[in-house]
Amino acid sequence: RIAFLGDSLTEGHPGESYLARLRRLLPDDELLNGGRGGDTVPALLARLEHTGLEPVDLALVWIGVNDAFLGDWYLPDLDDLGATTHRLRLVYDRILDLVLSCAPLAVCVPPVLPDPFEQDGVAERVAELAVMMADAAAARGGRVRVFDLRPAFAAERRTTAGFTIDGVHLSARGADVVAAAFCRLIEELRDERPQPGR
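Being a predicted model, the structure only gives us computed values, none of them experimental.

What counts, and where the lines are drawn
Residues numbered from 1 in each chain as written. Predicted model: local features only at pLDDT ≥ 70, side-chain atom pairs only at ≥ 80, totals over all residues. Heavy atoms only, no water. Phe/Tyr/Trp six-rings, centres within 6.5 Å; stacked < 30°, edge-to-face > 60°. Helix = DSSP H or I, 4+ residues; strand = E, 2+ residues; numbered from the N terminus. Buried < 20%, exposed > 50% of the residue type's maximum accessible area, 1.4 Å probe, protein only. Pairing = 2+ DSSP bridges. Core = buried A, V, L, I, M, F, W, Y, C linked by side-chain atoms within 4.5 Å. Axes fitted to C-alpha atoms, helices over the stretch in contact; angles between N-to-C directions. Contact = heavy atoms within 4.5 Å.

Chemist: When you look at the packing of aromatic side chains in this model, what are you seeing that I'm missing?
Modeler: When we look at a pair of aromatic rings, we describe it by the centre distance and by the angle of the planes. Across all of its chains, the model carries seven aromatic pairs by this definition. An angle of 40° between the planes, with centres 6.3 Å apart, marks the rings of F4 and F182 as tilted. Of this pair, F4 sits in strand β1 (residues 2-6) while F182 sits in helix α8 (residues 172-192), and the two are 178 residues apart along the sequence. In this pair, the class of F4 matches that of F182, namely buried. Both rings, one in Y18 and one in W62, keep their centres 5.7 Å apart while their planes meet at 55°; by these two values the pair is tilted. With Y18 in helix α2 (residues 18-25) and W62 in strand β3 (residues 58-62), this residue pair connects regions lying 44 residues apart in the sequence. Residue Y18 is classed as buried on the basis of its relative accessible area, which comes to 1%.

Chemist: Explain the pairing of strand β4 (residues 106-109) here, please?
Modeler: On β4, burial covers both faces: A106 and C108 on one face and V107 and V109 on the other are all buried. Sheet topology note: the β3/β4 ladder contains four bridges and is parallel. By the bridge assignment for β4, V61 is matched with C108. As defined by bridge partners, β4 adjoins strand β5 (residues 144-146) across three bridges and the pair is classed as parallel. By the bridge assignment, A106 is partnered in β5 with V144.

Chemist: What is the right way to look at the nonpolar core in this model?
Modeler: Across soluble globular proteins, you tend to see nonpolar side chains buried next to one another. By size, the foremost hydrophobic cluster in this structure holds 65 residues, and its most contacted members are F4, Y18, L22, Y92, L149 and F182. Looking at which element gives the most residues to this core, the answer is α8, with 10 residues.

Chemist: Is there a simple way to explain unusual backbone geometry in this structure?
Modeler: Note that the residue after H13, namely P14, is joined by a cis bond; omega there is 0°. Take P14: it is sitting in the loop between α1 (8-11) and α2.

Chemist: Where do I start with the sheet that holds β1 in this structure?
Modeler: Adjacent strands of a sheet form backbone hydrogen bonds with each other and so pair up, either parallel or antiparallel. The parallel open sheet is built from five strands, whose spatial order is β2-β1-β3-β4-β5. In this open sheet, the two edge strands, each paired with only one partner strand, are β2 (31-35) and β5. Between one strand and the next, the sheet's axes are offset by a mean angle of 20°, whatever the strand orientation. Where α8 meets the sheet, it contacts β1, β3, β4 and β5, and its direction lies at approximately 145° from that of β3.

Now the structure itself:
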């Protein structure tokens, strides 16, 4: 059982669903879609605190692109704690702790902009969030891995056809890239698990 937690990119609307493709690649695994359009890091935390998470063998957390677009986030219970990235780190830490209470292993997937995006500051905020999330993962030792999707997109950038329909949401080509990348990751993690008798 594998849980995928995130925003509209995981929900699969608007745009194309990478999870529909991944289900075809991994027919023997139960893939749970925990994506919700519009979710930010704080919104995902609120949702997990409200609904909980069933026990799973692996959880992938791909969140943050909406936070990058919002820019100066509003976190009322953390307003006195200074910089935005620091405040979001506290929220992201809570997400990882909740996920690890239900899964032996989690994968942090930082936000990515597969196609060039011109809105001021968004790419910089995506980069800041990626660093913050990698730091949060490193603080939890081997129980949280970081998986960067940028190399998967870079390897497929052979034509002018885009990976998104609007700069963010996945086109069919983008969904294919994400599904293939996640499939490789999951198979690698499966191969790393200790086998009986070893």
